[in-house]
Amino acid sequence: MADFNLTLSPSQIEYVLKPGVTIIQAYDVTNNSDYSITLNTQLLPWIPSGTDGSVNYNQAISNPNIEFSLANSDLKIGQPFILNANSKQQIVLKIKTSSNIGLADSYYTFFVFQNQNITNSKETLSQATGKIGSHILLTVSNTENPKVESAIQNFSISPKIKDVFFRPITFNGLVKNNSDFFFKTNGKIYITKNDKTIKVLDLDQNNVLNHHSRNITCQNSSCSLNPPLWPGHYLVKVSLDSSLNATPYETSFYVLPISPILFLLFITGIIFGLKFLKKK
Amino acid sequence: MKTKNVLLFLLLILFLINKKNILAQTFDSTNFHIDFGNFNMTSGKKTSTTYTLTDTVGQNAPGQYDSTGYVVKAGFQYIYDKKIPLSFEISSLDLAFGNLVPNIGSTVTNTLTISTPTGHGYDILAIANHPLKTIGTNSTIADTKCDSGTCSESVSAVWTDAFTYGFGFNANGDGTSSYFTNSTHFRQFADNSLGETAKIIMSENVPVEDHSALITYKINISPLQSAGTYENSINFIAVPKY
């Protein structure tokens, strides 16, 4: 039974271009299945959706000053081609910007998709088809590192009642991009107590797109502080790379010995209860 | 003075006799040869029947060093990038329901499997070209509204009642819990012919390798449903998180 099994590489490209520049990007499309497949290509603009890296193709408008074409001699965008079983095809995408393009970002996805087969089935049938996409993040700027502005928003620490044992303390927040160009969330969360650093969490280098926000996530782990913790006052500082021009965000929280106190009260209650029963 | 010179000479001889080769690593490709700039005590690949271990012992200043344009990962083998490319698989593309029997739900399944590279989660979206319909007569099997009449292309609900009719699907596996509570919850496919847009059915925010979900397609027809062969096409779209 036929299946769809494609690999598309790279999965994302990010370029800073000067107006009027043309770039070439090669994509490898691999058919990992044991069946040949008829494929096609497509480019769609998108805008970010939500704060976790999803995209929305429905309200996006193509930039008329960016032209996409294929540099392959035998292939055009939208032209079907056959990829044999367990074989690879290189598709070379040409991205051309006009000299009068505005200095801003444009976001697209390069899709490789399966052409729908027309079947004359004798029984009720749904036919599944597949489509796989690779994102293109383009910054058009006259400088290599265009100036960006950012801010840390909605930073929160949970749970509200922080005990020395049991539950990890989790940090959540957003990085807002207040500029026309995307950047990566390069920064750290510092947790200190009595001027001593308890933990430093490195932020994942997620892309924050222009005038949009992205959730803060941490490298190799969740953004959290695991128990046990000493009771006391803790300071939290979120600091982004200086090139992102963000004011560091500072807050604090208290860890209380709630569970030991409850345990002692429980034990005391049992002792007094037993004494009371003995007296009776 | 003479004794000192003799001793120095003997020491030199001893040093030359006992000299050992320095084992540095090199990397070769068709076009390049890189001498490994690392005088560690030992490094390399150790294998047994079950395990492969790569190690570096004695690395000076181990760790990851980032700068614009390059990353140096000194020492630590455990921070290897796995270099997993973006891959998407749909098992079994032809979803044949056989002969449909009124009031008895008919189901077929296939599996979606995805891998994403370092730094990227994924979204898988789904959309149908139109409802299940017969070619020519254009009779349709309507999309299910589930037992409560509340499910849509973006909201799932329980569909177990034999007297609830229509066509819908469930996704059960990695990255589906935000969209389907369990295997009794179904949703409609977004309908392209009505101008609806593809909806996310499976999503994760972290890189994954061979994460999969079982898709169950269900049809339940009423005794009044027109006889015929119904068809449609369902497109699954895999994109990385940016």
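The rules behind these values
- All chains use their own residue numbering, which begins from 1 and follows the written sequence.
- As they are written, the chains are lettered A onward and the ligands numbered 1 onward, keeping that order.
- Given that the model is predicted, a residue must reach a pLDDT of at least 70 before its local features are reported, and side-chain atom pairs must reach 80 or more before they are shown or counted; all residues, however, enter totals for whole chains, interfaces and linings.
- Each helix corresponds to a stretch of at least 4 residues labelled H or I by DSSP, and each strand to a stretch of at least 2 residues labelled E; elements are numbered beginning at the N terminus.
- Taken over C-alpha atoms, the radius of gyration is set against a globule rule of 2.2 Å times the number of residues to the power 0.38.
- Neighbour counting defines burial: a residue surrounded by 20 or more other C-beta atoms within 10 Å of its own C-beta is buried, one with 12 or fewer is exposed, and intermediate counts give partly exposed, using backbone-placed C-beta atoms.
- Residues are treated as contacting if the C-beta atoms built from their backbones sit within 7 Å of each other.
- Here the limits of each domain have been adopted from an automatic or database domain assignment.
- Whether two strands pair comes down to DSSP finding at least two bridges between them.
- What we call a nonpolar core is a set of buried Ala, Val, Leu, Ile, Met, Phe, Trp, Tyr and Cys residues whose membership is set by joining through C-beta atoms within 7 Å.

1. Thoughts on the overall build of chain A
Argument step 1. A count of helical and extended segments in chain A gives 1 helix and 21 strands.
Argument step 2. The C-alpha radius of gyration of chain A comes to 27 Å, more than 25% above the 19 Å expected for a compact globule of 280 residues.
Argument step 3. Within chain A, buried positions represent 30% of all 280 residues.
Argument step 4. Taking all contacts inside chain A whose residues are at least 6 apart in sequence as the whole, residues at least 24 apart take part in 71%.

2. A look at the domain arrangement of chain A
Residues and elements named next belong to chain A.
Argument step 1. Domain annotation of chain A identifies domain 1 (6–116 + 129–140) and domain 2 (150–260).
Argument step 2. The centre of domain 1, based on its C-alpha atoms, is set 35 Å off from the matching centre of domain 2.
Argument step 3. Facing 10 residues of domain 1, the contacting portion of domain 2 comprises 12 residues.
Argument step 4. Going through the elements one at a time, β10 (105–114) and β11 (124–140) are the ones with two or more residues in the side of domain 1 that touches domain 2.

3. Observations regarding the pairing of strand β20 (residues 232–240) of chain A
Residue and element names in this part refer to chain A.
Argument step 1. Relative to β20, strand β15 (residues 187–193) runs antiparallel, the two sharing 7 bridges. When the bridges of β20 are listed, Tyr-190 appears paired with Lys-237.
Argument step 2. Of the strand pairs in this sheet, β20 and strand β21 (residues 249–255) are connected by 7 bridges, and their pairing is antiparallel. Within β21, the residue paired with Tyr-234 across the bridge is Phe-253.

4. Structural notes on the nonpolar core
Argument step 1. One finds Leu112(B), Ile124(B), Ala126(B), Phe236(B) and Ala238(B) to be the most contacted residues of the largest nonpolar core, which totals 82 residues.
Argument step 2. Considering every element that reaches this core, the biggest residue donor is strand β10 (residues 122–128) of chain B, with 6 residues.
Argument step 3. Once residues lying within four places of it in the same chain are set aside, the contact partners of Ala238(B) are Ile132(A), Phe88(B), Ile114(B), Tyr122(B) and Ile124(B).
Argument step 4. If you look at the next biggest cluster of nonpolar residues, it comprises 10 residues, including Phe97(B), Tyr165(B), Phe167(B) and Ile219(B).

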